[in-house]
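# A look at the structure
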Amino acid sequence: GDTVPFTVPAELYAYYQWSSPTGGTLVDTLNNNSAFSFNTPGVQKVRVIAVGFCKNTADSTKTITVKAPPIVNPSPDTLICKGDTAILSTSAGPSYIYTWSTGEHTQAIKVSPATTTTYIVTDSIRSVKHCSVSDSVRVSVQPFKDSLVKDSICPMQSVPLDPSIAGAIYLWNTGATTQIISVS
C-alpha cells in the first residue's frame, strides 16, 4: 500500500507514458515524475516510455521488490491481580524490530501495572524503512480485597469468604472451587 515515486531525466518536448505491467497502481504523474502504489508483495515493475518531438522513443523498466507488511500478533488481552506480573509478547520473527509503549525493544516484556493499562507494540521490518504495524494489548488489573473477613471470630462461629471477583475461577486451599466458602 505504500506509494513509491519514480523520476526519469526530463527531455525537451517529450511526453511520458507510465505503466506497471505487474499490477502497480499509478497514483500520480507529472510528465517525467510518477508515483505508483503496490499492494502485492514480490517483484514489481514500472515501465516508462518517453516519446520525443520527432517521434523517437526510449523505453525503460525499473524492477523493485515489495516486502510483505510486518505481522503484529501480540498476546491477547489479559486479566491479572494487583501486584502480579503479565508477560506480553508478539509472535513476529527475528527479522523484526519491536517497540513497546514502555520503551522496550524486545519480543516479550514483563509488566506489573497498578491499574488497567493498554500497551502498544509496533513491529517493523528490520531491512525496510517506514514499514511497520502496531497493535495493542490491554492488561486489566483486578484489585483484591484487603480483608475478606473480620480479624477475629468467636469459637464455634463460621464466616463466609467471598472474594467477589467477576469472571474468576476459584480454587481454595481446602480444594473447594466455589466462589464462596465458609470457614470456622
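In what follows, the structure referred to is the one given above.
Parameters at a glance
Residues numbered from 1 in each chain as written. Predicted model: local features only at pLDDT ≥ 70, side-chain atom pairs only at ≥ 80, totals over all residues. Heavy atoms only, no water. Pairing = 2+ DSSP bridges. Helix = DSSP H or I, 4+ residues; strand = E, 2+ residues; numbered from the N terminus. Axes fitted to C-alpha atoms, helices over the stretch in contact; angles between N-to-C directions. Buried < 20%, exposed > 50% of the residue type's maximum accessible area, 1.4 Å probe, protein only. Phe/Tyr/Trp six-rings, centres within 6.5 Å; stacked < 30°, edge-to-face > 60°. Contact = heavy atoms within 4.5 Å.

### Examining the sheet that holds strand β1 (residues 3-7)
Taken in spatial order, the three strands line up as β1-β4-β3 in an open sheet, and their pairing is antiparallel. In this open sheet, the two edge strands, each paired with only one partner strand, are β1 and β3 (25-30). The mean inter-strand angle of the sheet, taken between neighbouring strand axes irrespective of direction, is 20°. Looking at chain direction, β3 and strand β4 (residues 33-37) are connected through five bridges and run antiparallel. What sits directly across from T29, in β4, is S34.

### Section: the sheet that holds strand β12 (residues 132-142)
An order of β7-β12-β11-β9 is seen for the four strands of this open sheet, with the pairing classed as mixed. Strands with a single pairing partner mark the edges of an open sheet, and in this sheet they are β7 (78-81) and β9 (96-100). Within the sheet, the average angular offset between the axes of one strand and its neighbour, ignoring direction, is 25°.

### Section: the environment of A168
Locating A168 in the fold gives a position in the loop between β13 (159-161) and β14 (181-183). Assessed through its relative accessible area of 29%, A168 is described here as partly exposed. The spatial distance from the C-alpha of A168 to the C-alpha of Q179 is 8.4 Å, given a sequence separation of 11 residues.

### Here's the deal with the packing of aromatic side chains
On inspection of all chains with the given rule, the structure shows two aromatic pairs. Taking the centre distance of 6.0 Å and the plane angle of 75° together, the rings of F6 and F36 count as edge-to-face. Here the residue F6 occupies a position in strand β1, and F36 occupies one in strand β4, the gap between them amounting to 30 residues. Of the two residues, F6 and F36, both sit in the buried class. Taken together, the ring pairs connect F6, F36 and F38 into an aromatic cluster.

### What about the side chain of S124?
Mapped onto the elements of the fold, S124 is located in strand β11 (residues 117-125). Residues in contact with S124, not counting those within four places in the same chain, are P70, S95, Y96, I97, C131 and S132.

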